Amino acid sequence: MSVDAHGNFRGKRLVVFGCGYVGSAVAEEARARGVSVVALTRNEAKAAALREREIDVVVADLASDAWHGRIGGRADFVLNCVSSGGGGLEGYRRSYVDGMRSILAWASASDGAGSLVYTSSTAVYPQGNGAVVDESAPTGGSDRAEILLEAEAMLRGAEKACARWFVLRLAGIYGPGRFHLVEQVRRGEVAGRGEHRLNLAHRDDIVAAVWACFGAPPDVRNEIFNVADGAATPKAEVAAWLAARLGAPTPRFTGAPTGGRERLVPDRIIASAKLRAALGWRPRYPSFRAGAENLLSR
């Protein structure tokens with residue numbers, strides 16, 4: 001879907017919290033569409049890179065309220081796409097729950113935002129054993145999942161903070177400069193189990209999903225959407241294809257989680273039919289082959 005599908009965004013105002021891998025791409029798209037952008041990040045290097053792209057930046061800790069007076073005025077669009085930033089469960093909670101609390105307090109004091117989008121994760125789902133998982137599936141099952149769900153619940157209950165909200169539960173993110181499986185294949189050792197299906201979403205398709213929410217018709221509001229390419233594939237098949245494409249030996253699987261994770265990502269199929277039906281979103285990269293071919297050919 002074009003970001004102009006339900007109106008011209010020119011002259012609108014976007015505030016991006018957590019302007020990292022996804023957020024910076026959304027900010028660049030905003031500038032290309034004539035939208036003014038303010039970005040908040042705690043990373044000085046990221047801030048410098050954003051300023052080089054002529055994006056206004058505030059450097060601050062999202063979880064505090066020290067930045068509230070530095071980003072004034074009502075925003076037409078708000079994107080909360082923070083990442084954990086390390087620090088274990090305490091850091092996870094500070095980024096997601098305390099960060100969301102700070103955003104909602106700022107938005108409520110600024111007469112509310114128009115549309116607020118929060119990028120959550122399909123990690124909120126515990127299902128495995130090949131289950132097809134849509135937005136109606138039960139959630140929870142781990143400490144990190146409960147933290148993400150707490151942040152989602154805060155947004156859903158914040159009536160004064162925005163006119164409408166959307167939660168995007170993202171599958172595994174990859175894209176330019178970020179495809180961890182490629183490096184693992186090159187090393188000859190891949191985390192996890194080969195028979196577990198890999199659910200992916202290309203960064204550019206996530207950006208398109210964010211703008212589809214911002215441009216959604218007025219009657220589409222307060223929704224949770226999964227974002228995945230819809231081509232869940234056994235990890236062994238993905239790794240073998242990449243190895244052949246890279247001219248590397250077929251890697252072995254460790255059977256252990258990726259570094260820093262508590263457990264293996266379960267074997268399941270993340271369904272994104274709701275997003276496609278409600279907003280007409282279609283991934284530019286509908287499979288890992290399409291996305292990886294584009295990255296490896298650069």
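Placed above this text is the structure.
Throughout this description, residue numbers start from 1 for each chain and increase along the sequence as written. Residues qualify for local features only when their pLDDT is at least 70, as the model is predicted, and side-chain atom pairs are given and counted only at 80 or more; totals for whole chains, interfaces and linings, by contrast, use all residues. Heavy atoms from the whole structure form the basis of all side-chain values; hydrogens and water molecules are not counted.

Undergrad: I keep staring at the packing of aromatic side chains and nothing clicks. Help me out?
TA: A pair of Phe, Tyr and Trp rings is counted when the ring centres sit within 6.5 Å of each other, with Trp represented by its six-membered ring. The angle between the planes then sorts it: under 30 degrees is stacked, over 60 is edge-to-face, the rest tilted. Taken as a whole, this structure holds 12 aromatic pairs when the rule is applied. Each ring, one from phenylalanine 17 and one from tryptophan 67, has its centre 5.0 Å from the other, and the planes form 55 degrees; the classification is tilted. With phenylalanine 17 in strand S1 (residues 13-17) and tryptophan 67 in the loop between strand S3 (56-59) and strand S4 (77-80), this pair connects stretches of sequence that are 50 residues apart. Partly exposed describes any residue whose relative accessible area lies between the buried limit of under 20% and the exposed limit of over 50%, with all areas from a 1.4 Å probe on protein chains only and scaled to the type maximum. Its relative accessible area of 0% is what places phenylalanine 17 among the buried residues. Note on tyrosine 174 and phenylalanine 179: the rings are 4.9 Å apart at their centroids and 40 degrees apart in plane angle, and the pair reads as tilted. Where helices and strands are cited, they refer to DSSP runs of H or I of at least four residues and of E of at least two residues respectively, numbered from the N terminus.

Undergrad: Could you clarify how one ought to interpret the packing of helix H7 (residues 235-246) against helix H9 (residues 288-296) in this entry?
TA: Only the contacting stretch of a helix is used when fitting its axis, a line to C-alpha atoms as for every element, and angles between N-to-C directions run 0 to 180 degrees. Direction vectors running N to C along H7 and H9 enclose 30 degrees, while the axes themselves pass 11 Å from each other. When the axis of H7 is compared with that of H9, the two are roughly parallel. Relative to H9, H7 is oriented so that their crossing is right-handed. Mapping the contact onto sequence places Glu237, Val238, Trp241, Leu242, Arg245 and Leu246 in H7 and Phe288, Arg289, Ala292, Glu293 and Leu296 in H9. With respect to orientation, any angle under 35 degrees is reported as roughly parallel, any angle over 145 as roughly antiparallel, any angle of 65 to 115 as roughly perpendicular, and every other angle as oblique. Helix crossings fall into two classes, left-handed where the near helix is turned counterclockwise from the far one by less than a right angle and right-handed where it is turned clockwise. The criterion used for residue contact is that any of the two residues' heavy atoms lie within 4.5 Å.

Undergrad: Got a minute to help me understand the nonpolar core in this structure?
TA: It is characteristic of soluble globular proteins that their nonpolar side chains tend to be buried jointly. Throughout this description, the term nonpolar core refers to a set of buried Ala, Val, Leu, Ile, Met, Phe, Trp, Tyr and Cys residues connected via side-chain atoms within 4.5 Å. The biggest cluster of nonpolar side chains holds 82 residues, and the ones touching the most others in it are Leu14 and Phe17. With residues up to four places along the chain from it excluded, the contact list for leucine 14 reads Val26, Ala30, Val35, Ser36, Val37, Val38, Phe77, Val78, Leu79, Trp211 and Phe214. Core analysis: the second largest hydrophobic core is formed by 16 residues, Tyr174, Leu198, Leu200 and Leu295 among them.

Undergrad: What exactly am I supposed to notice about the sheet that holds S4 here?
TA: Hydrogen bonds along the backbone pair up the strands of a sheet, which may run parallel or antiparallel. Strand pairing requires that DSSP identify at least two bridges connecting the strands. In spatial order, the strands read S3-S2-S1-S4-S5-S7-S12; together these 7 strands make up an open sheet with parallel pairing. The strands lining the two open edges of the sheet, one partner per strand, are S3 and strand S12 (223-227). For this sheet the average axis-to-axis angle between neighbouring strands, irrespective of direction, equals 20 degrees. Both strand S5 (residues 113-121) and strand S7 (residues 162-170) contribute to a ladder of 8 bridges, which runs parallel. Bridge pairing in S7 links leucine 116 to tryptophan 165. Taken strand by strand, helix H3 (residues 88-109) contacts S1, S4 and S5, and its axis lies near 175 degrees from that of S5.

Taken by themselves, the reported measurements are silent on function.
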